[in-house]
Amino acid sequence: QVQLLESGGGLVQAGGSLRRPCAFSGRTFSRHGMGWFRQAPGKGREFVAAISGSGGTTSYADSVKGRFTISRDNAKNTVYLQMNSLKPEDTAVYYCAADTTGIPTTPGGVDYWGQGTQVTVSS
């Protein structure tokens, strides 16, 4: 069974940065596409970023392009989300996600979810 353990959430001022690691265990990491989603209060879960198993392909939501970077270290079984130039509208619970068949860009395509951690950006 795949387990995803997130860390690195918290409170940051607008314009600041956070780095979010997500540790993967239970299966072969490099065979899973990985992604990040977020859910703000009163809203649905939305796609943020995703990366292929090899790391050669990435995808981003328009709202975070140029500010967020997704990467992975297959030797450490970890995916990262580097969040720069944070805005108050980035405030949400962020979820790590794994996909056994491709790159997870929709909630329905996700096979495994992390527990979710809060990121709050103050103005």
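Description of the state of the cysteines
Stage number 1. All told, the structure shown has one disulfide when counted by the stated rule.
Stage number 2. The disulfide bridge from C22 ends at C96, spanning 2.1 Å between sulfur atoms. Note on the C22 and C96 pair: the S-S dihedral is about -90 degrees, so by sign convention the disulfide is left-handed. Residue C22 is located in strand β3 (residues 18–25), and its partner C96 is located in strand β9 (residues 92–99); the two are separated by 74 residues in the primary sequence.
Stage number 3. According to the relative accessible area criterion, C96 is buried, its value standing at 0%.

Focus on the pairing of strand β11 (residues 117–122)
Stage number 1. Of the two faces of β11, the one lined by T117, V119 and V121 is fully buried and the one lined by Q118, T120 and S122 carries no buried residue.
Stage number 2. Across four bridges, strand β2 (residues 10–13) lies against β11 in parallel orientation. Residue L11 lies in a different strand from β11, and its bridge partner there is T120.
Stage number 3. Bridge count for β9 against β11 is three bridges, and the pairing is antiparallel. Looking at β11, one finds that V93 is bridged to Q118.

Some details on the sheet that holds strand β8 (residues 78–83)
Stage number 1. As summarised here, the arrangement of the four strands in space is β1-β3-β8-β7, forming an open sheet in which the pairing is antiparallel. Here the strands that pair on one side only, and so sit at the sheet edges, are β1 (3–6) and β7 (68–73). Sheet twist, expressed as the mean angle between neighbouring strand axes with direction ignored, is 20 degrees.
Stage number 2. Pairing of β7 with β8 involves six bridges; the strand directions are antiparallel. Across the sheet, the residue bridging to I70 is L81, located in β8.

Basis of the calculations
Within each chain, residue numbers correspond to sequence positions counted from 1 in written order. Local features are withheld for residues below a pLDDT of 70 in this predicted model, meaning they are given only at 70 or higher, and side-chain atom pairs are given and counted only at 80 or more; totals for whole chains, interfaces and linings count all residues. Just so you know, side-chain values use all the structure's heavy atoms and leave hydrogens and water out. Our working definition of a disulfide is a cysteine sulfur pair at a distance within 2.5 Å. Only DSSP runs of H or I covering at least 4 residues are called helices, and only runs of E covering at least 2 are called strands; the numbering of each starts at the N terminus. Type-normalised accessible area, obtained with a 1.4 Å probe on protein chains alone, sets the label of each residue: buried when under 20%, exposed when over 50%, and partly exposed for intermediate values. Between any two strands, at least two bridges found by DSSP are needed for them to pair. Axis definition: a line fitted to C-alpha atoms, over the contacting stretch in the case of helices. Angles run 0 to 180 degrees between N-to-C directions.

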